[in-house]
Amino acid sequence: MGNAKSRELVLSDEQMEELKAIGNFSERQVYYYLDSFYDEYPSGALDKETFVRENSEAHAGTRQMWSHIFDQLDKNGDGYFDFKEYLISLAVGTNSTNEEKLLFAFKVFDIGSDGYIDYYEFSQLYHFIFGNHKENEERAAKNQTVKEDKELDEKCRRLFEKLDANSQDGKLSMPEFVHGLKNDPVIIAAFTIF
Ligand SMILES: [Ca+2]
Ligand SMILES: [Ca+2]
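For clarity, every value in this text was computed on a predicted model and none was experimentally measured.

A. Summary view of the packing of helix 7 (residues 98-109) against helix 11 (residues 174-181). Taken N-terminus to C-terminus, the directions of helix 7 and helix 11 make an angle of 135°; their axes are 9 Å apart at the nearest point. Taken together, the axis directions place helix 7 and helix 11 in an arrangement best described as oblique. Crossing angle aside, the handedness with which helix 7 passes helix 11 is right-handed. Only M174, F177, V178 and L181 of helix 11 make contact with helix 7, whose side of the interface consists of E99, L102, L103 and F106. Here the residues of the contact of helix 7 with helix 11 sort into seven nonpolar, no polar and one charged.

B. Inspection of helix 7 at higher detail. Taking 1.5 Å of rise per residue, the 12 residues of helix 7 would be expected to cover 16 Å, and the 16 Å separating its terminal C-alpha atoms lies within 8% of that figure. For helix 7, every residue scored as buried is listed here: K101, L102, A105, F106, V108 and F109. When helix 7 is viewed along its axis, its buried side chains cluster within an angular range of 160° and face the same direction.

C. Examining the nonpolar core more closely. One finds A105, F106, F109, I117, F122 and F177 to be the most contacted residues of the largest nonpolar core, which totals 32 residues. For this core, the elements supplying multiple residues, two or more each, are helix 3 (27-40), helix 5 (63-73), helix 6 (83-95), helix 7, helix 8 (119-130), helix 10 (147-163) and helix 11. When residues of this core are assigned to domains, at least three fall in each of domain 1 (12-95) and domain 2 (97-193).

D. Unusual backbone geometry, seen in detail. Of note, the phi angle at N24 is positive, near 55°, even though the residue is not glycine. Topologically, N24 is positioned in the loop between helix 2 (13-23) and helix 3. If you check the backbone angles, S113 has positive phi at about 50° while not being a glycine. With respect to the helices, strands and loops of the structure, S113 is situated in the loop between helix 7 and strand 3 (117-118).

Procedures and definitions
Residues numbered from 1 in each chain as written. Chains lettered and ligands numbered in written order. Predicted model: local features only at pLDDT ≥ 70, side-chain atom pairs only at ≥ 80, totals over all residues. Axes fitted to C-alpha atoms, helices over the stretch in contact; angles between N-to-C directions. Helix = DSSP H or I, 4+ residues; strand = E, 2+ residues; numbered from the N terminus. Parallel < 35°, antiparallel > 145°, perpendicular 65-115°, else oblique. Left-handed = near helix turned anticlockwise from the far one by under 90°. Contact = placed C-beta atoms within 7 Å. Nonpolar A, V, L, I, M, F, W, Y, C, P; charged D, E, K, R; others polar. Expected span 1.5 Å × (residues − 1). Buried ≥ 20, exposed ≤ 12 C-beta atoms within 10 Å, placed from the backbone. Arc of directions from axis to C-beta. Core = buried A, V, L, I, M, F, W, Y, C linked by C-beta atoms within 7 Å. Domains from an automatic or database assignment.

Structure, rendered in structure tokens:
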């Protein structure tokens with residue numbers, strides 16, 4: 001039945017085998033993801049500037065954070081997020097254990113790449129997951145105080161202190177982060193998007 005678009009997106013056997021192997025995907029899954037990727041990015045790739053701009057406008061988190069997330073997704077470092085890299089990110093999201101998801105999240109949010117997540121970085125992560133950005137924007141537009149933020153900051157601070165309880169050095173090592181969060185269903189679910 002294929003229309004012009006799906007004919008363009010036929011893969012060679014070799015390409016298909018390579019893509020399937022990324023995450024134990026079936027051929028059907030690869031084509032399904034291929035279609036949805038090209039629906040969203042008809043040029044076949046997303047450039048860094050667009051990714052950073054769109055995400056920092058639509059979600060919480062600074063441009064620096066989104067730039068860092070992009071660098072984690074752009075495995076070959078060419079400045080574009082392409083279909084193969086998209087499949088890799090899906091494989092992390094769908095086929096990996098909670099520990100693997102958290103390891104990925106740790107790398108993403110270790111914005112300074114020093115092997116630790118400090119409070120500033122953790123706070124970006126926490127607000128990224130739990131912040132109600134839309135509601136806050138609406139409240140700000142009506143000049144209402146953003147009461148949620150204080151509660152969120154408080155919860156964020158408490159969780160950070162709990163995770164850092166053993167060393168109390170004000171930063172989270174990879175084991176502190178992974179072991180402390182691996183049974184937290186909300187945080188795990190949040191990283192299924194990557
Ligand atoms: Ca790339
Ligand atoms: Ca620590």
